[in-house]
Amino acid sequence: MARGKQQPSKAPKVHKAELTHTIADFEPAFWPDEQPVDNAVVMTMGALHEGHAALIRAARKQVGKDGRVAVTVFVNPLQFGAGEDLDRYPRTLAADVRLAEENGADVVFAPLPEEVYPNGTPQVRITAGPMGERFEGAARPGHFDGVLTVVAKLLHITDPDFAFFGEKDAQQLAVIQRMVADLDFDVEVIGVPTVREPDGLALSSRNRFLSESEREQALALSKALFAGRDVAAQGPKAVRAAASAALDGAEGVTLDYLALIDPDDFTEAADDFQGEAVLAVAAKVGSTRLIDNARIIVR
């Protein structure tokens, strides 16, 4: 090389994630040798965004550079009810693989339904019990049974030391943690805080269904949560009143529920409740159903 001539700079190295579609291909990709290392899984339905990226980065940090991180991409038909958006749910696998590898995943497991359910619709499922019948479970009967069934299967397939889920789906996280504890799964379930846009809107794969005006209307959900959080020191009644007031008259928003919840069993918090609670909201904005929550300390 001539003196004084600079060597062209190299592009940053991107962590390559192997894409697999079958259990037979996934296992050697996730466990390529006999050396024992920590493993983590991030379960998704695809249409990945920065919220999922945060989960993958948290998983990578947990297991270290020598550990293994798997991301599952599977739109689970069991957790969609009649008339819900199973067929409309966004499927963006190529982009999902890119995001996964950019944030530290080693392997992406994207099976077809017949790979996960080789005998067709399972006749035996895991039930979420009373915790799965409230709030989201009441609005979507059987939803959490479908969630727990696929999570259990994917935990068996991936056999991780750690599993990461977003706190945005607070009730889902709660029932998964209870399933793992009650049924003695050998895995640590770790929740990762909700990722928001600068204006407060919680990231969701369903946000892409919102028009520009609907996206603006959807901000009423996070504003209600922040209003309740701001008066948490005044007790549950004040939290509910402030959050409700922020939603009153919100244009384009059809409220499903707004609740202050005891996270231990996902029941409505009593008026004398103190401690960590989940202030949760679900509503339709246009034709898109959105959920959001904030973890607050009630005094």
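In case you missed it, the structure is sitting above this.
Scope of this entry: the structure provided in the associated data block. Treat the numbers as computed from the prediction; the structure is a model and nothing was measured.

Here is what the cut-offs are and how they apply
- For every chain, the first residue of the written sequence is number 1, and numbering continues from 1 onward in sequence order.
- Only residues with pLDDT of at least 70 are given local features in this predicted model, and only at 80 or more are side-chain atom pairs given and counted; all residues enter the totals for whole chains, interfaces and linings.
- The basis for every side-chain value is the complete set of heavy atoms in the structure, and neither hydrogens nor water enter the calculation.
- Put simply, DSSP H or I for four residues or longer makes a helix, DSSP E for two residues or longer makes a strand, and each gets a number counted from the N terminus.
- When we talk radius of gyration, it's over C-alpha atoms, and the globule rule is simply 2.2 Å times the number of residues to the 0.38.
- For every residue, the accessible area (1.4 Å probe, protein chains only) is compared with the maximum for its type, and the residue is labelled buried under 20%, exposed over 50%, or partly exposed between those bounds.
- Any two residues having at least one pair of non-hydrogen atoms within 4.5 Å are treated as being in contact.
- With residues, only the protein chains shown are counted as cover, and all accessible areas are computed by Shrake-Rupley using a 1.4 Å probe.
- In the cavity and pocket records, a cavity denotes points on a 1 Å grid over the protein atoms alone where a 1.4 Å probe fits but cannot get out, a pocket denotes an open set with protein on both sides within 12 Å along at least 5 of 7 lines, and lining residues are residues with an atom within 4 Å of a point.
- Grid points are joined across faces, edges and corners, and a volume is the space filled by probe spheres set on the points.
- The classification used treats Ala, Val, Leu, Ile, Met, Phe, Trp, Tyr, Cys and Pro as nonpolar, Asp, Glu, Lys and Arg as charged, and all other residues, Gly among them, as polar.
- For helices, the fitted line uses only the C-alpha atoms of the stretch in contact; every axis is such a line through C-alpha atoms, and the angle between N-to-C directions lies from 0 to 180 degrees.
- Throughout, the term roughly parallel applies to angles under 35 degrees, roughly antiparallel to angles over 145, roughly perpendicular to angles from 65 to 115, and oblique to all others.
- The sense of a crossing depends on the near helix, which, turned anticlockwise from the far helix by less than a right angle, makes the crossing left-handed and, turned clockwise, makes it right-handed.
- Should DSSP find at least two bridges between two strands, the strands are regarded as paired.
- The set of buried Ala, Val, Leu, Ile, Met, Phe, Trp, Tyr and Cys residues whose side-chain atoms join them within 4.5 Å is what this entry labels a nonpolar core.

Glancing now at the overall build of the protein chain. Within the protein chain, the secondary structure is distributed over nine helices and 10 strands. Taken against the 2.2 N^0.38 rule, which gives 19 Å for 299 residues, the C-alpha radius of gyration of the protein chain at 21 Å falls within 12% of a compact globule. Across its three principal directions, the C-alpha atoms of the protein chain cover 70 × 60 × 35 Å. In the protein chain, which comprises 299 residues, the share counted as buried stands at 52%. For the protein chain, contacts bridging at least 24 residues in sequence account for 73% of all contacts bridging at least 6. Accessible surface, the protein chain as shown: approximately 15100 Å² in total, 49% of it carbon and sulfur.

We now examine empty space enclosed by the protein. A full pass over the atoms with the stated rule returns one cavity of 30 Å³ or more. If you trace the largest cavity, you find it lined by Lys 168, Leu 201, Ala 202, Ser 204, Asn 207, Ala 218, Leu 221, Ser 222, Leu 290, Ile 291 and Asp 292. Those elements that place two or more of their residues in the lining of the largest cavity are helix H8 (212-230) and strand S10 (288-298). Split into classes, the residues belonging to the lining of the largest cavity amount to six nonpolar, three polar and two charged.

A few words on the packing of helix H6 (residues 143-158) against helix H7 (residues 170-182). Orientation of H6 relative to H7, taken along the N-to-C sense of each, is 55°, at an axis distance of 10 Å. It follows that H6 is oblique to H7 by the angle criterion. Along this stretch, H6 crosses H7, giving a crossing that reads as right-handed. Facing H6, whose interface residues are Phe 144, Val 147, Leu 148, Val 151, Ala 152 and Leu 155, H7 presents Gln 171, Gln 172, Val 175, Ile 176, Met 179 and Val 180. Grouping the constituent residues of the contact of H6 with H7 by class yields 10 nonpolar, two polar and no charged.

The strand order across the open sheet formed by six strands is S1-S4-S3-S2-S5-S6, and the pairing between neighbours is parallel. The two strands at the open ends of the sheet, each matched to only one other strand, are strand S1 (18-20) and strand S6 (188-192). Strand after strand, the sheet turns through a mean of 25° between neighbouring axes, direction not considered. Where strand S5 (residues 162-166) meets S6, five bridges bridge the pair, whose relative direction is parallel. Across the sheet, the residue bridging to Phe 164 is Ile 190, located in S6. Packed on one face of the sheet, H6 meets strand S2 (39-44), strand S3 (68-73), strand S4 (107-109) and S5 and runs near 150° to S2.

What links the strands of a sheet is backbone hydrogen bonding, and the strands pair in either a parallel or an antiparallel sense. Spatial ordering of the open sheet is given by S8-S7-S9-S10, a layout of four strands whose pairing is antiparallel. Each end of this open sheet is capped by a strand with a single partner; those strands are strand S8 (267-268) and S10. Relative to strand S9 (residues 275-285), strand S7 (residues 253-262) runs antiparallel, the two sharing eight bridges. In the sheet register, Ile 261 faces S9, and the bridge partner there is Val 278. Here H8 sits on the sheet in contact with S7, S9 and S10, set at roughly 160° to S9.

This paragraph deals with the nonpolar core. One finds Val 151, Leu 155, Phe 165, Ile 176, Met 179 and Val 180 to be the most contacted residues of the largest nonpolar core, which totals 43 residues. Within the residue set of this core, elements represented by two or more residues are helix H1 (23-30), S2, S4, H6, S5, H7, S7 and S9. Take this core: its biggest share by element is nine residues, from H6. Val 151 has contacts with Met 43, Phe 165, Ile 176 and Met 179, leaving out every residue within four places of it along the chain. Within the second largest apolar cluster, 28 residues are counted, among which are Ala 238, Phe 273, Val 285 and Ala 294.

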